Amino acid sequence: MKPDSIAIRKRYDRIAPYFEGMEAVMEGLFFKNWRKRLWAKVEGHHILEVGVGTGKNFDYYPKDARITAIDFSEQMLKQAAQKRDRKNVNVELELMDIQSLCFADNSFDTVICSFVFCSVPSAVKGLKELYRVCKPGGQVLLLEHVLSSNPVIAAVMNLLNPVVVALVGANINRNTVKNVKACAFTSVHVDERSSDIIKLIEARK
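All of the points below concern the structure found in this document. Per chain, residues are indexed from 1 in the order of the written sequence. Per-residue local features are limited, in this predicted model, to residues with pLDDT of at least 70; the limit for side-chain atom pairs, both in listing and counting, is 80 or more; totals at the level of whole chains, interfaces and linings are taken over all residues. Working from all heavy atoms in the structure, the side-chain values ignore hydrogens and water.

1. Regarding a nonpolar patch on the surface
We count it as follows: Residues qualify for a patch when their relative accessible area is over 30% and they have no salt bridge, like charges being joined within 9 Å and the nonpolar side chains of Val, Leu, Ile, Met, Phe, Trp and Tyr within 5 Å. Surface accessibility follows the Shrake-Rupley procedure with a 1.4 Å probe radius. Residue values consider only the protein chains on display as shielding. Basic side-chain nitrogens of Lys or Arg form a salt bridge, by our definition, when they fall within 4 Å of a carboxyl oxygen of Asp or Glu. Numbering of helices and strands runs from the N terminus, with a helix taken as a DSSP run of H or I at least four residues long and a strand as a DSSP run of E at least two residues long. Whether a residue is buried, partly exposed or exposed follows from its accessible area with a 1.4 Å probe, protein chains only, as a fraction of its type maximum: under 20%, in between, or over 50%, in that order.
A cluster of nonpolar residues, Val 25, Met 26, Leu 29 and Phe 30, forms a patch on the protein surface that exposes about 400 Å² of accessible area. Along the polypeptide, Val 25 turns up in helix 3 (residues 24–39). A relative accessible area of 59% places Val 25 in the exposed class.

Written as structure tokens, this is what we have:
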């Protein structure tokens, strides 16, 4: 794991017990509906969730699917495991870095993540790993914060980004749509309901 990955992981380990409380307002007002839209697009039986965090997506898992969920923060996974047991969710949790996935090529029908690539040091490397483990004809679904297309808002986001990274390890100025299009996917589509800074991205292998 790269040194910057270690630093980010330690920040998430530190805030893991408080993470859901920190995002409770935004989750209730905005993120919950986006998660429903994201998971409604899932196809196939074998699913990989990358960056499971504290398990915020558990309520949206499709029934009868085989789901593996990973995170690089041990303390986040601990919170997810407690929620899994409490809610009786059928999911296999694993400690793993998105930049180096321990899965064979062409393993999953759908690879899915929400608000993850803001925290991946090498975003393109992580995306190439998602592409690698996705089956041919399968899909990678991303729900992500991105840099605003408004020059004034973008300038503010770029100005604030070092502070946000220092506090929680998340970048708020990523060009994730551009990074996805730079990979070898056969098609990349941004859901028309996406906002300026929240994008639901569908990429087909």
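2. So, helix 3
Convention followed: Expected span of a helix: the number of residues minus one, times 1.5 Å. The seven residues ending at a residue and the seven starting there each receive a fitted axis; the angle between those axes is the bend at that residue. Residues count as neighbours in contact if any of their non-hydrogen atoms are within 4.5 Å of one another.
The terminal C-alpha atoms of helix 3 lie 20 Å apart, and with 16 residues this falls more than 12% below the ideal 22 Å at 1.5 Å per residue. Most pronounced at Phe 31, the bend in helix 3 amounts to some 55°. Listed in full, the buried residues belonging to helix 3 are Glu 27, Phe 31, Trp 34, Arg 35, Leu 38 and Trp 39. Next to the buried residues of helix 3 lie strand 1 (46–50), strand 4 (108–114), strand 5 (134–145) and strand 7 (198–204).

3. So, the packing of aromatic side chains
Let me state the cut-off plainly: Side-chain rings of Phe, Tyr and Trp (the six-membered ring for Trp) are treated as a pair once their centres are within 6.5 Å; stacked means planes under 30 degrees apart, edge-to-face means over 60, and tilted covers the remaining angles. The rule for a charge over a ring is simple: NZ of Lys or CZ of Arg within 6 Å of the ring centre, and within 35 degrees of the ring normal.
Within this structure, the stated rule accounts for seven aromatic pairs. Note on Phe 58 and Tyr 61: the rings are 5.3 Å apart at their centroids and 65° apart in plane angle, and the pair reads as edge-to-face. Each member of the pair, Phe 58 together with Tyr 61, is buried. Between Tyr 131 and Phe 185, the aromatic rings sit 5.2 Å apart at their centres with planes inclined by 80°, giving edge-to-face as the arrangement. With Tyr 131 in helix 5 (residues 123–133) and Phe 185 in the loop between helix 7 (176–181) and strand 6 (187–190), this pair connects stretches of sequence that are 54 residues apart. An aromatic cluster is defined as three or more aromatic residues linked by ring pairs; in this entry it consists of Tyr 12, Phe 19 and Phe 72. Over the face of the ring belonging to Trp 34 we find Arg 37, whose NZ or CZ atom lies 4.6 Å from the ring centre. The lysine or arginine in question, Lys 205, covers the ring of Tyr 131, its NZ or CZ lying 4.6 Å from the ring centre.

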